[in-house]
Amino acid sequence: MPDLPFDAADPRLAAAAWSRLVEPGDPAAGALVAHLGPVDALGWLCSAARVGTTARGGRPWEQAVSRWLPRLPGLDVRRELDTLDRLGGTLVLPGEEHWPAGLDDLPVPPFVLWVRGDPAALHGRSAAVVGARAATTYGQRVAADIGLGLAEAGVAVVSGGAYGIDAAAHRGALAGEGVTVAVLAGGVDRLYPAGNAALLESVLASGAVAAEVPPGCAPSRSRFLARNRLIAAMTGATVVVEAAWRSGALSTAARAAEVGRPVAAVPGPVTSMASAGCHRLLREGAVCVTDAAEVRELLAPAGEDLPAEPAVQPGLLDDLDPVAARVLDALPVRGAAPVASVARTAGLDPAQVRAALGHLELAGRAERHGSSWRRPRVRA
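The notes below deal with the structure included here. (Residues numbered from 1 in each chain as written. Predicted model: local features only at pLDDT ≥ 70, side-chain atom pairs only at ≥ 80, totals over all residues. Heavy atoms only, no water.)

## A look at the overall build of the protein chain
Filter applied, for reference: In this description a helix means any DSSP run of H or I spanning at least four residues, a strand means any run of E spanning at least two, and both kinds are numbered starting from the N terminus. Within these notes, the globule rule equals 2.2 Å times the number of residues to the 0.38 power, and the radius of gyration is based on C-alpha atoms. Here's how the labels work: a residue is buried when its accessible area is under 20% of the maximum for its type, exposed when over 50%, partly exposed in between, all with a 1.4 Å probe on protein chains only. Note on definitions: a residue-residue contact is assigned when non-hydrogen atoms from the two residues lie within 4.5 Å. All accessible-area figures derive from a Shrake-Rupley calculation using a 1.4 Å probe, and residue coverage is judged against the displayed protein chains alone.
Of the regular secondary structure elements, the protein chain holds 15 helices and twelve strands. Since a compact globule built from 380 residues should have a radius of gyration of about 21 Å, the 31 Å found for the protein chain marks it as more spread out than a globular shape. Expressed along its principal axes, the backbone C-alpha trace of the protein chain runs to roughly 110 × 45 × 35 Å. By the burial criterion, 50% of the 380 residues in the protein chain qualify as buried. Long-range pairs, those at least 24 residues apart, make up 69% of the contacts in the protein chain with a sequence separation of at least 6. In the form shown here, the protein chain has an accessible surface area of approximately 17,900 Å², with 54% of it arising from carbon and sulfur atoms.

Here you go:
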């Protein structure tokens, strides 16, 4: 094995090294580490480096080694760990106390998580709230309301720290004095985007900022897409609040569906292109949600944490038999009417009307006024 400047037999250092060596979601690296463990997998790679390999013939393992080897010379993951330590961060490995168990459902889970803030924020009941960066006022208001409602109910809000819907969801959770987690596409030493640095500092104080790549790594398009799978897997459900037809938030929803998590979408105006992606999800079977209570329903076991039924004023004719309903409907809205007049209006026999009026009077739904009848006066 080529000499490495760190103890490659240390499982923590070896796992951290793999997060530096390969790009997130690399299937060959995931299979190798899953089969051998990070220490033996790193030893195998160093042996391959000593022997030498090329990608001749397009062989998958030769191709894999060829793309990993350029990062092997000078690899010293202790530098990144020192940076994390200076930031007060934590390295979390699979199987440890604060590891989000849902990540193990991914075809290629991360090798480690680099975390700033409270690592305990990474596990427990949580929901992903994601959406467009170029969000409308409507989308931002809904995202903030959902974030607030989830936080007040003790549900952690997980998003990507981006502009638009992500930021609104984080702000809502902070307003509810709850836990929120931002999963970044780059290293946790660089709070990205810079325009949200103050918000992400607040997220750190309330929950955590996490990444699968070490400090010093820059965000890139491929890393954003890989990051989305973490948001989807580490939470109990994914809610897309606002998304255009080809929004990146739809990739989070797709990854959630792949690992068996509920996917929900918030409907928007049918004329809004900003909601076209949400409407597409709804047509494809996503659950329609409009508030935090409906999101919590997705997180709970069947029959638990159901949203309260909205209060509905009873209708005028509710719970009445057909004759009583016709009599009540025939009573004047203003003034009063004798039985004969009510019978003509209702098209009923006067005896039927008198019997029905007696029952309606007992129920408080009709009242006598001299020899006439009227509906009860509504008192303010």
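From this point, the discussion proceeds with the structure in view.
## Some details on the side chain of Ser275
Position of Ser275 among the secondary structure elements: in the loop between β8 (263-265) and α11 (276-283). A relative accessible area of 0% places Ser275 in the buried class. In contact with Ser275, other than residues within four places in its own chain, are Glu242, Ala243, Gly268 and Pro269.

## Comments concerning the packing of aromatic side chains
Note the cut-off: When the centres of two rings from Phe, Tyr and Trp lie within 6.5 Å, Trp using its six-membered ring, the rings pair. Their planes under 30 degrees apart give stacked, over 60 give edge-to-face, and anything left gives tilted. The rule for a charge over a ring is simple: NZ of Lys or CZ of Arg within 6 Å of the ring centre, and within 35 degrees of the ring normal.
Within this structure, the stated rule accounts for five aromatic pairs. Centroid distance Trp18 to Trp68: 5.5 Å. Interplanar angle 90 degrees. Geometry classified as edge-to-face. A residue pair is termed long-range when its members are at least 10 positions apart, and Trp18 in helix α1 (residues 11-21) and Trp68 in helix α4 (residues 60-68) qualify at 50 residues. By the burial criterion, Trp18 is buried, and Trp68 matches it. Look at Trp44 and Trp61: their rings are 5.9 Å apart centre to centre, the planes differ by 70 degrees, and that puts the pair in the edge-to-face class. A residue pair is termed long-range when its members are at least 10 positions apart, and Trp44 in helix α3 (residues 38-51) and Trp61 in helix α4 qualify at 17 residues. Grouping aromatic residues by their ring pairs yields a cluster made of Trp18, Trp44, Trp61, Trp68 and Phe111. Stacked on the ring of Phe224, the Lys or Arg Arg133 has its end atom at 5.3 Å from the ring centre. Here the basic side chain of Arg280 rests over the ring of Trp245, its NZ or CZ set 4.9 Å away from the ring centre.

## Some details on the environment of Gly172
Here Gly172 shows up in helix α7 (residues 165-175). Taking the C-alpha atoms as reference points, Gly172 and Asp82, separated by 90 residues in sequence, lie 33 Å from one another. The contacts of Gly172, once residues within four sequence positions are left out, are Ala144, Gly147 and Leu148.

## Quick word on the nonpolar core
Here is the rule we go by: Nonpolar cores are built from buried Ala, Val, Leu, Ile, Met, Phe, Trp, Tyr and Cys residues. Side-chain atoms within 4.5 Å join them into one set.
If you look at the biggest cluster of nonpolar residues, it comprises 44 residues, and the most contacted ones within it are Phe6, Trp18, Leu21, Leu42, Trp68, Trp114 and Val209. Looking at this core, the elements with two or more residues in it are α1, α2 (27-36), α3, α4, α8 (197-206) and β6 (208-211). Sort the elements by how many residues they give to this core and α1 lands first, with seven residues. Not counting the four nearest positions on each side in its chain, Trp18 is found in contact with Ala29, Leu32, Val33, Pro38, Ala41, Leu42, Leu45, Trp68 and Phe111.

## Details of unusual backbone geometry
Geometrically, the link from Tyr192 to Pro193 is a cis peptide bond, its omega value of 0 degrees lying close to zero. If you trace the backbone, Pro193 turns up in the loop between β5 (180-183) and α8. The phi dihedral of Glu177 is positive, around 55 degrees, even though this residue is not glycine. Relative to the assigned elements, Glu177 resides in the loop between α7 and β5. Overall, the relative accessible area of 75% leaves Glu177 in the exposed class.

## Things to note about the pairing of β6
Stated formally: At least two bridges found by DSSP between two strands are what make those strands a pair. We call a crossover right-handed when, viewed with both strands directed away from the observer, the connection leading from the first strand over the helix to the second proceeds clockwise.
Both faces of β6 are covered, namely the face carrying Ala208 and Ala210 and the face carrying Val209 and Ala211. Relative to β6, β5 is paired through three bridges, and the arrangement is parallel. Following the sheet pairing, Val181 is matched in β6 by Ala208. With α8 bridging β5 and the parallel β6, this β-α-β connection has right-handed handedness.

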